[in-house]
Each structure stands twice: as C-alpha cells, then as structure tokens.
Amino acid sequence: MFLPHWPKNINYQQDQDSVTKLLQILPNFGNPHLSLPPVIHVAGTNGKGSTIAFLQSILNQMGKRTHIYTSPHIFDCNERIKINSQKISDQYLTEILEEIRHNNHNIILNLFEALTLAAILIFSRNAADFCLIEAGMGGRIDATNVIENKIATILTSISLDHEEFLGSYLAQIAHEKSYIMRYKIPVFSAFCAGEIKNQITSRAKLNDSPLFYLGNEIVYQTQENTFDLCYKNLKFNNLPKPKLPGTHQIENATLAIASICNIFPNVSRETISKGLTEVDWLFRLEKVNNNLNKLLKNPESEIWFDAAHNIDGAQKLATWLNQQDQAQNFLIVGFTKNKTKKDFFIPFKNLVTEFLPIRVEGEPNPEEREDIAKIIAQMGLQYQDHADLLEAIFDVGKKAEQQKCRIIICGSIYLARDLKKYAYY
C-alpha cells in the first residue's frame, strides 16, 4: 500500500535508539505495549520468519488465534501485520498510521518504527491468544523490544550481518540480540558455541531466565523422511519433515515446537505433525513453477528461490544443494548495495557450475552487477553477468539444453519482486 504524508526514509531498521523513541510516543496511546496478548519474541540473524511461520501453523492447528508481525515486506506493507493470521487491510493500516502521525508529537519515525508502533496498536485492540513478533535486525534498541508481556523468547542462528549497525564481532551481535530476554521468561536458542553462547548464557543468568539450547536441552534426530524430537520429558517420534525444505528448517521447527511444548505440555503429536506439513512461508527454498520454467529446455530442470543473503544463509543453502541429486547448478545472485561478501561464495565453490550476477530491479538500493562480478572474479570462480533475471535464466536454458540443470536464485529478498515481474513475461 502507499503510505500518504509519511517521511520518505526507506531505512527499514532503526537509525537511532528506537526503544527510546517509541517509549516517548506510547503514553500518548495509553501504553498499548503493556496490554498485548502473550508475546513470543523471536530474534536472530537467519530463520526468524520461518520460526514464526512454524509457531503460527502449530498454534493455529490448536485453535489458537495469533497476531503476527514480521519484516521486511516484499510486495506491500500489509504483509508485515497479520490480525488472527490474516493480512491487515489497506484501510485499517492507513487509519492507524494517520492516528500515529497526529499523535507522535513531531518525533520522526522511520518506516520500521512506524509499522512496529502500528502493529502494537492494532494487536492491543484486537483479541488473540498470542502475538508472534519478529525483531528487526537487532534486539537491544530494536523497536519491537518495547514489548514486555513475553511468554517466551527465541534466538535463531546468529552470524555476521548488518555489521554497520550491530558490530563486526559475533559477540557484539549476540549481545545485541540477547537483549530481547525478560526476567524469568524462558529462552530457546539455536545451536551456538564460543562467544555467541557465552553472551546468551550470561544474559539469561542476569535475567534468571530458563535457557534451553538446541543440541543440549532440546535434541532432534533425523531419518530419511521423519525426525524425532526430545524436550524435557517429552518425546515425539517420527514427526514428518517440514514442508519447508532444508535441515535448517528442522532446526527452526524444533525451536518452535519446544517453545509451544513449554506453554502446552499436552500438545499432541498429530497437531504438531499437521502444523509442520501445512506451514507456509514464501521464498525460503521455494521451488518455482511458472512461465520462467519454459525457458529451460530439459523438463527435469528446476528453478529454486531462497532468501540466503549472508554467510550463514549461504552455508545452509549449500548444505541443501549438496544433498540434491546430480545436476548442473547455476547460482543467480543479486544483493543490496555493499552487501556482497567474498565469504558468501565459498560454500558453493565445488557445487556450482557458474555464477550469474544481476542487478536486483526490485531492490531499493541495489548492488550493481559489475561490482558483484568483480568479487566473484577475485574468487577465481566461473561467472557471466546479465542485465536482469530473465536474461540470466534464458542464458542458462541455452547452455543446458541437453542435461538437467538447477537454477538457484538468491541474495536480496527483493529478487522475489523480479521473479514475480518476469513470471508473466
């Protein structure tokens, strides 16, 4: 939706101390952040949205009403705010934003702060059993961290990303994100070690928060098509692998299941299983089936899209790719300005036949394809840059007419906009 009369700052995250700014405004609305339904707050570098998708799917299977706040949006702002799992209407969102504009006492909010405040107002005025809240890029001064009524906090995998805001050391990043914890509220953490684990453990001790680590207190074991999960005295055998592919999604699902079991120890295996198989979260290792497939001559060839854009995401995508059957693999990549990292390409060195850098048309601040190509060339990798996504796919189609190929589109999440645009060429 179009946001009328709103500052044109397109920075989706905080540019100052967002918590301080929102705490100055919230009393004008009766402090709605103190009267939200119970909140499950999720922070981390990767996997936040997927974890919330699993939470939503399982809780909805239990008949629970869920409000959801995620970011960023891909096609329209309404994607970020869901009331009882349904995307908010243009009219309602416009009304709330106008209410904020008239009552913010001239405090300038960026888009992320404004939409976070809108979500808090909306969720406080509409009944639900739970609010599922995704932190922005940080935690400590993230706009979502004004929320106090938390029933659980979840920390997904933590790695280098947004260093210009969070710091260039993993300990700094873990420190920032661990601040979503609250006094005596349980914390569920992904696999971690070293300085990351030290920061999380220290923060949990300061808050007297029960802490459950994946791999320690929470354990899962995979089989070919199923996995087993243990948490406290609960054990679920032969759970179906999630609808979202990749081992990392089993990790995200396991964190979601453990946090739900902590609230509802009697949740059934059937409910969890149905939530896993009916979960929906767009553009995370999603197989593309549209007109673009017609550009690939071999009927066995595939196109996949994934939101991997940092080192951790690249490693997880490469792990999945290494588990797939034999094919020529082509990686189409596009990034936000100054986000192209040499380390992103290392996991794909022996897996990808050719890299195809492009400029992301749907990206507000795109990296030029020539700059991406320079970094790939420095790695000594095979590449061919292209004007756009359509041209890149067409080129692969010509190169791999006689054998199966697999195209993976990744980097900026806004490549999804290009994908949608060219799906109707």
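Residues numbered from 1 in each chain as written. Predicted model: local features only at pLDDT ≥ 70, side-chain atom pairs only at ≥ 80, totals over all residues. Heavy atoms only, no water.

(A) Representation of the packing of aromatic side chains. All told, the structure shown has 15 aromatic pairs when counted by the stated rule. Aromatic side chains Phe 188 and Phe 212 sit 5.2 Å apart centroid to centroid with 20° between the ring planes, which places their arrangement in the stacked category. Here Phe 212 lies in strand β8 (residues 211-213) and Phe 188 lies in strand β7 (residues 187-189), a separation of 24 residues in the sequence. Both residues of the pair, Phe 188 and Phe 212, belong to the buried class. The rings of Phe 335, Phe 344, Phe 345, Phe 348 and Phe 355 are connected pair by pair, giving a single aromatic cluster. Cation over ring: Arg 203 sits above Tyr 179, and NZ or CZ is 3.8 Å from the ring centre. (Phe/Tyr/Trp six-rings, centres within 6.5 Å; stacked < 30°, edge-to-face > 60°. Helix = DSSP H or I, 4+ residues; strand = E, 2+ residues; numbered from the N terminus. Buried < 20%, exposed > 50% of the residue type's maximum accessible area, 1.4 Å probe, protein only. Lys NZ or Arg CZ within 6 Å of the ring centre and 35° of its normal.)

(B) Local environment of the nonpolar core. The biggest cluster of nonpolar side chains holds 38 residues, and the ones touching the most others in it are Phe 188 and Ile 257. In terms of residues, this core owes the most to one element, helix α8 (residues 247-263), which gives 8 residues. For Ile 257, the residues in contact, after removing those within four places along its chain, are Ile 58, Phe 227, Leu 229, Leu 239, Ile 272 and Leu 276. Residues Ile 83, Leu 97, Ala 119 and Ile 120 belong to the second largest nonpolar core, which totals 34 residues. (Core = buried A, V, L, I, M, F, W, Y, C linked by side-chain atoms within 4.5 Å. Contact = heavy atoms within 4.5 Å.)

(C) Representation of the side chain of Arg 203. Topologically, Arg 203 is positioned in helix α7 (residues 194-206). Among buried Asp, Glu, Lys and Arg side chains, Arg 203 stands out as unpaired, with Glu 176 the closest opposite charge at 9.1 Å. (Lys, Arg positive; Asp, Glu negative; His and termini not counted. Salt bridge = Lys/Arg side-chain N within 4 Å of Asp/Glu carboxyl O.)

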